[in-house]
Structures are given as C-alpha cells and as structure tokens.
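# Structural features, examined
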Amino acid sequence: MKIGAALEFNLMDFPGKIAAVAFTPGCNYRCPHCHAAPLLKDAKDLGSEGFLNYLDTVKDWVNGVVICGGEPTLQPNLIPFIKKLRERKLAVKLDTNGSNPEVLAQLLAEGLVDYVAMDVKGPRFLWPATAGVEGHCDAMTESLKLVARFPVYEFRTTVAPVLRGNGEITFLTVQEMAAAARYVAQTTGTDAHKYYVQKFVPRKDGLLDARLESFPETPLQLLQDIHKEVLKHLPNTQVRG
Ligand code: SF4
C-alpha cells in the first residue's frame, strides 16, 4: 500500500470522527480541475508502516482514517491495509472516483468501510471530458449502485469549468447538474442520497490543466441556481463551499 502524503488528524474530513488522512499516489483519471497533480506524478511512497506506527501513537484520540488520493482503489494492497486499520478499531472513510466497482463490491461484502464518498463527474454524457479519460462510464454507473448500499455514503460533484468539444471552457451548467442528479436517482432507484454540490477553487500552478487556473471560483449565484434545480431530483442536496 503506497501512501504519497498524510495529514496527522483533523475533525473536518470524516464527519463525527477525529481522523488521520492517507493520500494514495496515482489516479486513472485526469480531471482538468484536479488539485492533486503532485500525487498523480512522482509522489514518493511514505510507506504504510510509518503511517500505522503513527496511528499507534495517537490511538487514544484518533478514531478514524480517511483514505483518499489520487484513487485509493488502484492500490493492490488497499484491502489488507484497511484490515490493519480495522484491527486497530479505527473507522474508515474511503474517497473514490468510482472507477473500480470490483474493489467497492469486495469492501461492501466484507463490511470493511464505514463511509464512502464518491465523485459524480457531472452528467454522464460529459464524463469523458470531466474525468479527462474515456471508457469508465459503465464502471462509474455500477459504482453508483454499489456505493448507495454502504452504511453511510455521499455523492459529490465539483462545479468546475469543463473543456467543451468546440474548444470553449465553461462551468457545468444548471441543466447539466440537474441531469447528473437525475441520473444518480434513476440509476440507484432512489433519491434518498446525501449529495454535495461543491465549489471549484482555482489554484495557481496547482491544477492538472493550467488553462483552468485563470478561472474564478464557481460563482455563488451559479451554485445557488444549481442547488435549487438539483433539489428537485435529490432532495438531500447541500452546497459545500
Ligand atoms: S480529481 Fe480526478 S484526477 Fe484528481 S485524483 Fe480525483 S479522480 Fe483523480
């Protein structure tokens, strides 16, 4: 299990837990708005043993671990690593892009994860553009269904600028976000999901596609308009800024 970076612990990343965070290197997507460029390129492996040793030193107050990336489900030793966390009685939250339903199915079957957060990369017809790669649409659809069966989970979409076929770059629209929400509800057969509409925040010299660095944050009015429309399809939607 490779760990490219780690945060000691915080109260923000895992609702209700004091959680340390492990960032795994590498991702099979190339979302233009991705902030994790260093993790996707030449991230060093800090080693899982050091992270586990750290957890042993803070076991009196840290009660959870967030595994994010990059894309954690690409790590061949993810499941043995999570089992080591479970042996330490730690709750586990997994962040995923949904590209690997086989791993999600195994985690679900073995009851290894308490909370899953899955990205929904906008409406299905835009996934190749928003994820920056072709060919994962069926896997992501399968993952939507699986994630909705975990004890606690969330779906989330960053309202980011999208590279359009005509060469333009514009934010996801209200109609596109409504289509995304509708697809989640239809695919899973229920609208009872926690869904977060997230603000895009540019970062100078930090995004996978430098053309997006000149964009502003997602305008508040756009987030509010999207929220109003998405609520019609997923009533438990919140804006996360
Ligand atoms: S934002 Fe996209 S490219 Fe970046 S880590 Fe997440 S899924 Fe991978």
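The structure we're discussing is the one just above.
One structure accompanies this document, and this report is about it.

### Observations regarding the overall build of the protein chain
Within the protein chain, the regular secondary structure consists of eight helices and 10 strands. Across its three principal axes, the protein chain shows a C-alpha extent of roughly 50 × 40 × 30 Å. Taking as baseline every contact in the protein chain between residues at least 6 positions apart, the subset at least 24 positions apart corresponds to 70%. Put simply, the protein chain shows about 11,100 Å² of open surface, and 52% of that area lies on carbon and sulfur atoms.

### Quick notes on the site of the ligand
Taken together, the residues surrounding the ligand are Cys27, Tyr29, Arg30, Cys31, Cys34, Leu40, Gly70, Asn97 and Lys121. Here the residues of the shell around the ligand are counted per class, giving five nonpolar, two polar and two charged.

### Looking at the sheet that holds strand β5 (residues 115-119)
Spatial strand order, β1-β2-β3-β4-β5-β6-β9-β10: eight strands in an open sheet with mixed pairing. At either end of the open sheet lies a strand with only one pairing partner, and these are β1 (5-10) and β10 (237-240). Neighbour-to-neighbour, the strand axes of the sheet open up by a mean angle of 20°, direction not taken into account. Of the pairings in the sheet, the one linking strand β2 (residues 19-23) to strand β3 (residues 64-68) comprises five bridges and is parallel in character. The residue of β3 that forms the bridge with Ala22 is Ile67. Most of the contacts of helix α6 (residues 137-147) go to β5, to which it runs at about 150°, and overall it touches β5 and β6 (152-159).

### Considering the pairing of strand β9 (residues 195-199)
With four of its five residues buried, β9 lies for the most part within the structure. Inspection of the sheet shows β6 paired to β9 by five bridges, in the parallel sense. If you follow Val159 over to β9, its bridge partner there is Lys199. What joins β9 to β10 is helix α8 (residues 220-230), and the crossover it makes is right-handed.

### What about helix α3 (residues 78-87)?
Those residues of α3 lying buried are Leu78, Ile79, Phe81, Ile82 and Leu85. Down the axis of α3, the buried side of the element spans an arc of 160°, and every buried residue falls inside it. Those residues of α3 hidden inside the fold are in contact with α2 (48-57), β3, β4 (91-96) and α4 (101-110). Immediately downstream of α3, the backbone of Lys89 shows phi near 65°, a positive value.

### Thoughts on the packing of α2 against α3
Contact pair α2 / α3: the axes reach a minimum separation of 11 Å and the direction vectors enclose 15°. By the angle class used here, α2 and α3 are roughly parallel. Considering how the two elements wind past one another, α2 and α3 form a crossing that is right-handed. Contacts between α2 and α3 involve Ser48, Glu49, Phe51, Leu52 and Leu55 on the former and, on the latter, Phe81, Lys84 and Leu85. Along the lines of polarity and charge, the residues of the contact of α2 with α3 split into five nonpolar, one polar and two charged.

### Some remarks on the nonpolar core
In terms of nonpolar packing, the biggest core is built from 71 residues, with Leu55, Ile67, Leu85, Leu107, Val113, Phe155 and Tyr195 touching the most fellow members. Dropping the residues within four chain positions of it, Tyr195 is found in contact with Phe155, Arg156, Thr157, Met177, Ala180, Ala181, Val230, Leu234, Asn236, Thr237 and Gln238. Ranked by size, the runner-up nonpolar core spans eight residues in total, among them Ala19, Val66, Ala91 and Ala117.

### Re the pattern of salt bridges
Opposite charge on two side chains permits them to pair, given that their charged atoms come into close proximity. Taken as a whole and judged by the stated rule, the model has 15 salt bridges. Here Asp114 ties to Arg86 by a salt bridge, and the two come within 2.6 Å at their closest N and O atoms. Here Arg86 lies in helix α3 and Asp114 lies in the loop between α4 and β5, a separation of 28 residues in the sequence.

### A word on unusual backbone geometry
With an omega of 15°, the peptide bond between Gly69 and Gly70 qualifies as cis. Mapped onto the secondary structure, Gly70 falls in the loop between β3 and α3. With a phi angle near 65°, Lys89 is a residue other than glycine that sits in the positive phi range. Residue placement: Lys89 occurs in the loop between α3 and β4.

The rules behind the values
- Residues numbered from 1 in each chain as written.
- Predicted model: local features only at pLDDT ≥ 70, side-chain atom pairs only at ≥ 80, totals over all residues.
- Heavy atoms only, no water.
- Helix = DSSP H or I, 4+ residues; strand = E, 2+ residues; numbered from the N terminus.
- Contact = heavy atoms within 4.5 Å.
- Areas by Shrake-Rupley, 256 points an atom, 1.4 Å probe, with all protein chains shown as cover.
- Near = heavy atom within 4 Å.
- Nonpolar A, V, L, I, M, F, W, Y, C, P; charged D, E, K, R; others polar.
- Pairing = 2+ DSSP bridges.
- Axes fitted to C-alpha atoms, helices over the stretch in contact; angles between N-to-C directions.
- Buried < 20%, exposed > 50% of the residue type's maximum accessible area, 1.4 Å probe, protein only.
- Right-handed = clockwise from strand over helix to strand, strands pointing away.
- Arc of directions from axis to C-beta.
- Parallel < 35°, antiparallel > 145°, perpendicular 65-115°, else oblique.
- Left-handed = near helix turned anticlockwise from the far one by under 90°.
- Core = buried A, V, L, I, M, F, W, Y, C linked by side-chain atoms within 4.5 Å.
- Salt bridge = Lys/Arg side-chain N within 4 Å of Asp/Glu carboxyl O.

That is the geometry; function is a separate question.
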